[in-house]
Amino acid sequence: MKKTFYSNGKLLIAGEYLVLDGAEAFALPAKFGQNLVIESGENKEIEWKSYDYDEHLWFEETISFDEIINRPEAKIETVKSTLIDILHEAYALNPKFIDSAEGFKVSTHLSFPRNWGLGTSSTLINNIAQWANINAFTLLNNSFGGSGYDIACAQNNTPVIYRVKDNFVEQVEFNPDYKENIFFVYLNKKQNSKSAIYAYNNNKNHHLAQSVAENNKITHAILNAKTLKEFASAVQKHEIHLSNILEMQTIKEALFPDFKGVIKSLGAWGGDFVMVVSKENPKEYFSNKGYETILTYEEMIL
């Protein structure tokens with residue numbers, strides 16, 4: 001018995017943070033992702049191995065079925081304790097996938113560097129949900145938390161509009177003529193979604209319904225922009241809108257004030273990838289500033 005499951009990585013183009021409070025999120029599945037390979041094992045345990053994009057083994061552990069079923073209290077959060085948490089919640093939703101087995105050999109394989117922030121956790125959760133035959137949104141909610149837009153990307157091969165309420169997912173078309181003017185630049189640091197969400201919850205103001213409505217309006221302007229100018233303008237508007245809510249500088253103000261073009265944070269502000277909208281290829285500009293990972297829309301998006 002050998003089963004393989006695969007999930008897409010993700011980029012949140014519009015609706016970050018506010019998606020947690022009901023706003024519409026516009027997200028794109030990435031060409032990069034993660035698979036999960038399940039083989040028969042023994043001794044009522046899982047031999048787990050996780051490989052990075054370059055086949056480097058970055059995590060290896062043996063987890064007993066008993067640990068999954070009873071989830072011993074972890075003194076400190078480790079990769080193993082987090083994995084046990086996810087498997088325990090999967091077991092709670094469908095005990096059969098463990099109870100009816102002798103054991104497993106499991107391996108995961110990323111096609112992108114872990115620090116890129118394209119969804120190491122969400123692709124894992126969606127893969128485990130497929131394996132356990134359970135709802136991935138429920139598994140995410142019961143383990144990691146978060147809005148769920150990343151699960152929507154994991155499961156869909158097209159751009160999506162996503163809402164938290166009832167995990168609403170709508171496949172949408174986004175294939176503009178100006179795609180070659182959109183780039184993705186890695187900021188050389190991994191951003192922690194949990195701490196970013198905490199900061200947002202502390203900062204969101206009293207005009208939440210108004211902010212959500214404004215977000216939805218801008219998000220649809222981004223999605224439906226017919227020209228590069230319209231797209232750049234809507235993207236910039238989104239960045240300023242969120243900057244005011246978070247009481248934070250935009251990434252362009254903070255790091256790239258002299259750049260001739262529009263730069264937008266994606267997902268957690270201050271790390272991971274930014275989206276760059278530029279008439280000229282911006283590779284030289286960012287390389288000169290020490291940012292070497294610059295992907296075109298074609299290279300990044302499914």
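Procedures and definitions
Residues numbered from 1 in each chain as written. Predicted model: local features only at pLDDT ≥ 70, side-chain atom pairs only at ≥ 80, totals over all residues. Heavy atoms only, no water. Helix = DSSP H or I, 4+ residues; strand = E, 2+ residues; numbered from the N terminus. Areas by Shrake-Rupley, 256 points an atom, 1.4 Å probe, with all protein chains shown as cover. Lys, Arg positive; Asp, Glu negative; His and termini not counted. Charge placed at Lys NZ, Arg CZ, Asp CG, Glu CD. Axes fitted to C-alpha atoms, helices over the stretch in contact; angles between N-to-C directions. Parallel < 35°, antiparallel > 145°, perpendicular 65-115°, else oblique. Left-handed = near helix turned anticlockwise from the far one by under 90°. Contact = heavy atoms within 4.5 Å. Nonpolar A, V, L, I, M, F, W, Y, C, P; charged D, E, K, R; others polar. Core = buried A, V, L, I, M, F, W, Y, C linked by side-chain atoms within 4.5 Å. Buried < 20%, exposed > 50% of the residue type's maximum accessible area, 1.4 Å probe, protein only. Pairing = 2+ DSSP bridges. Expected span 1.5 Å × (residues − 1). Phe/Tyr/Trp six-rings, centres within 6.5 Å; stacked < 30°, edge-to-face > 60°. Lys NZ or Arg CZ within 6 Å of the ring centre and 35° of its normal. Salt bridge = Lys/Arg side-chain N within 4 Å of Asp/Glu carboxyl O.

Draft legend 1. Expanded view of the overall build of the chain. The secondary structure content of the chain amounts to twelve helices and eleven strands. Judged by the C-alpha coordinates and their principal axes, the chain covers about 60 × 40 × 35 Å. When the accessible surface of the chain is totalled, it reaches about 14,400 Å², and 47% of it is carbon and sulfur. Positive and negative side-chain charges of the chain, numbering 29 and 38 respectively, have mean locations separated by a distance of 4 Å.

Draft legend 2. Molecular detail of the packing of helix α8 (residues 208–224) against helix α9 (residues 228–246). Orientation of α8 relative to α9, taken along the N-to-C sense of each, is 160 degrees, at an axis distance of 8 Å. By the angle between their directions, the pair α8 and α9 is classed as roughly antiparallel. Remark: the crossing between α8 and α9 carries left-handed chirality. Facing Ser211, Glu214, Asn215, Ile218, Thr219, Ala221, Ile222 and Asn224 of α8, the residues of α9 in contact are Glu230, Phe231, Ala234, Val235, Lys237, His238, His241 and Ile245. A class-by-class count of the residues in the contact of α8 with α9 yields seven nonpolar, six polar and three charged.

Draft legend 3. Expanded view of the nonpolar core. Within the largest apolar cluster, 41 residues are counted, with the highest numbers of intra-cluster contacts made by Ile46, Trp48, Leu87, Phe104, Ile128 and Trp131. Beyond its immediate sequence surroundings of up to four residues, Trp48 is in contact with Leu36, Phe59, Glu60, Glu61, Leu83, Leu87, Val106, Thr108, Leu124, Ile128 and Trp131. Membership of the second largest hydrophobic core comes to 36 residues, among which are Ile13, Ala14, Trp116 and Tyr186.

Draft legend 4. Structural detail: the environment of Lys194. With respect to the secondary-structure elements, Lys194 resides in helix α7 (residues 193–203). Through-space distance from the C-alpha of Lys194 to that of Leu20 is 12 Å; in sequence the pair is 174 residues apart. Non-local contacts of Lys194, meaning those with residues more than four positions away in its chain, are made with Glu77 and Phe144.

Draft legend 5. Inspection of the sheet that holds strand β8 (residues 182–186) at higher detail. Taken in spatial order, the four strands of this open sheet run β9-β10-β8-β11, and their pairing is antiparallel. Edge positions in the open sheet fall to β9 (262–265) and β11 (294–296), since each of these has one partner strand only. Neighbouring strand axes in the sheet, compared pairwise and without regard to direction, differ in orientation by 25 degrees on average. Pairing analysis gives three bridges linking β8 to β11, with the strands arranged antiparallel. Bridge assignment links Phe184 to a residue of β11, and that residue is Leu295.

Draft legend 6. Seen up close, helix α2 (residues 79–93). A rise of 1.5 Å per residue sets the reference length of α2, with its 15 residues, at 21 Å; its end C-alpha atoms lie 22 Å apart and thus fit the reference within 8%. Taken together, the buried positions of α2 are occupied by Ser81, Thr82, Leu83, Ile84, Ile86, Leu87, His88, Glu89, Ala90 and Tyr91. Its buried side turned inward, α2 meets β3 (45–51), β4 (57–64), α1 (65–70), α3 (96–99), α4 (120–132) and α5 (136–142).

Draft legend 7. Geometry of the packing of aromatic side chains. Scanning the model with the defined rule gives 20 aromatic pairs in all. Ring centres of Phe26 and Phe174 lie 5.3 Å apart, and the angle between their planes is 70 degrees; this geometry places the pair in the edge-to-face category. Remark: Phe174 occurs in the loop between β7 (168–171) and β8 and Phe26 occurs in strand β2 (residues 25–40); sequence separation between them is 148 residues. What makes Phe26 buried here is its relative accessible area of 0%. Grouping aromatic residues by their ring pairs yields a cluster made of Phe26, Phe174, Tyr178, Phe184, Phe231 and Tyr297. In this structure, Arg114 is placed above the aromatic ring of Trp58, and the distance from its NZ or CZ to the ring centre is 3.9 Å. One cation-aromatic arrangement involves Arg163 over Phe168; the distance from NZ or CZ to the ring centre is 4.0 Å.

Draft legend 8. The arrangement of the pattern of salt bridges in detail. What the rule picks out here adds up to twelve salt bridges. Residue Glu24 is joined to Arg163 by a salt bridge in which the shortest nitrogen-to-oxygen separation is 2.8 Å. Of this pair, Glu24 sits in the loop between β1 (2–14) and β2 while Arg163 is found in strand β6 (residues 160–163), placing the two residues 139 residues apart along the sequence. Under the relative-accessibility criterion, Glu24 is labelled buried at 12%.

Draft legend 9. Quick look at the pairing of β2. Most of β2 sits out of view: twelve of its 16 residues are buried. Strand direction decides the pairing type here: β1 and β2, joined by eleven bridges, are antiparallel. Across the sheet, Phe5 pairs through a bridge with Leu36, a residue of β2. Pairing analysis gives three bridges linking β2 to β6, with the strands arranged antiparallel. The residue bridging Phe26 from the neighbouring strand is Ile161, located in β6. Where β2 lies against strand β5 (residues 104–110), seven bridges are found, and the strand directions are antiparallel. In the strand pairing of β5, Leu36 is matched with Thr108.

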